[in-house]
Amino acid sequence: MDPVALNETLHIARAAECMGCLGSGDWPDLAVALLLEDVEDPEVAELAGFDQQVSAWTVDPLTEALYERYGVPAPDTEGAVHSLAGLMAADLRARPAVVTGPMIRPLARLAPPTFESSLANKCYGLEEYLDCDCSGRVDRSLEAELEAMPGPRIPDSVARVLAAPLRSTLPLVQPPHGH
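Here the structure is a predicted model, which means the values were calculated and not measured.

Describing unusual backbone geometry
Note on backbone geometry: most residues besides glycine have negative phi, and most peptide bonds are trans.
Then, number 1: Backbone torsion omega between Pro 112 and Pro 113 reads 5°, so that peptide bond is classified as cis.
Then, number 2: Take Pro 113: it is sitting in the loop between helix H6 (104–108) and helix H7 (118–127).
Then, number 3: At Asp 38, a residue that is not glycine, the phi angle is positive and equals roughly 65°.
Then, number 4: Within the secondary structure, Asp 38 sits in the loop between helix H2 (27–36) and helix H3 (42–48).
Then, number 5: Judged by its relative accessible area of 60%, Asp 38 falls in the exposed class.

Here we look at the pattern of salt bridges
Then, number 1: The final tally for this structure, using the stated rule, is 9 salt bridges.
Then, number 2: Where Arg 153 meets Glu 8, a salt bridge forms, and the shortest distance between an N and an O atom there is 3.7 Å. Note that Arg 153 is positioned in the loop between helix H8 (140–147) and helix H9 (156–167) and Glu 8 in helix H1 (residues 3–18), a separation of 145 residues in sequence.
Then, number 3: Residue classification places Arg 153 among the exposed residues on the basis of a relative accessible area of 62%.
Then, number 4: A salt bridge links Arg 109 to Glu 127; the shortest N-O distance between them is 2.4 Å. Within this pair, whereas Arg 109 is found in the loop between H6 and H7, its partner Glu 127 is found in helix H7, the two being separated by 18 residues in sequence.
Then, number 5: The class for Arg 109 is partly exposed, based on a relative accessible area of 42%.

Quick look at the packing of aromatic side chains
Then, number 1: Under the defined criterion, the tally for this structure stands at 2 aromatic pairs.
Then, number 2: With a centroid separation of 6.4 Å and an interplanar angle of 65°, the aromatic rings of Trp 27 and Tyr 67 are classed as edge-to-face. Here Trp 27 is found in helix H2, whereas its partner Tyr 67 is found in helix H4 (residues 56–69), with 40 residues between them in sequence.
Then, number 3: Taking 5.1 Å as the distance between ring centres and 80° as the angle between the ring planes, the aromatic pair formed by Phe 115 and Tyr 124 counts as edge-to-face.
Then, number 4: Classification of Phe 115 as partly exposed rests on a relative accessible area of 36%.

Re the packing of H1 against H2
Then, number 1: Two numbers describe how H1 lies on H2: the axes approach to 13 Å, and their chain directions differ by 170°. With respect to each other, H1 and H2 are oriented roughly antiparallel. In contact with Leu 6, Thr 9, Leu 10, Ala 13 and Glu 17 of H1, H2 contributes Trp 27, Leu 30 and Leu 34.

As for the nonpolar core
General note: in soluble globular proteins, nonpolar side chains tend to be found buried as a group.
Then, number 1: Within the largest apolar cluster, 54 residues are counted, with the highest numbers of intra-cluster contacts made by Trp 27, Leu 84, Leu 107, Leu 110, Leu 146 and Leu 162.
Then, number 2: Of all the elements, helix H5 (residues 77–94) adds the most residues to this core, at 8 residues.
Then, number 3: With residues up to four places along the chain from it excluded, the contact list for Trp 27 reads Leu 10, Ala 13, Glu 17, Leu 22, Leu 47, Val 59, Thr 63, Leu 66 and Tyr 67.

What counts, and at which threshold
Residues numbered from 1 in each chain as written. Predicted model: local features only at pLDDT ≥ 70, side-chain atom pairs only at ≥ 80, totals over all residues. Heavy atoms only, no water. Helix = DSSP H or I, 4+ residues; strand = E, 2+ residues; numbered from the N terminus. Buried < 20%, exposed > 50% of the residue type's maximum accessible area, 1.4 Å probe, protein only. Salt bridge = Lys/Arg side-chain N within 4 Å of Asp/Glu carboxyl O. Phe/Tyr/Trp six-rings, centres within 6.5 Å; stacked < 30°, edge-to-face > 60°. Axes fitted to C-alpha atoms, helices over the stretch in contact; angles between N-to-C directions. Parallel < 35°, antiparallel > 145°, perpendicular 65-115°, else oblique. Contact = heavy atoms within 4.5 Å. Core = buried A, V, L, I, M, F, W, Y, C linked by side-chain atoms within 4.5 Å.

Next up, the structure:
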């Protein structure tokens, strides 16, 4: 993996951590994906050796060392939401979802509890109308705009691992319409 892609991967990982979408137990899978993309880094190799039960006490010093080495600052909330939106857009282009509003649904989950992101708040306000007969209130252009967002320039295997926690919030089938 080239240094630019690794840096972008770490930016997205940090954004996902800040938004509660990447826990310590997700790092082993991400580290394995990075190793398979020829990332040679001692912290990445160590993270790959853990299982999903690894504690934050073990993972945090390693990830902080990675962030410091590659100059990855903690993002603000709006920046983190936009990074994750780009990631989800790329993931949904690679693996389409079968539900309406596949971008609005996971981004809406990023709004609470602090509601600091205007994009997440907008999605949060629209999500409740996705599965009811009031769906005419949902701005279809917003979903199209979100789906068209440029994705990160990272390998698909890495994007899939990073997007998995967000994607897991999508229903597997289209929910029934109604209130």
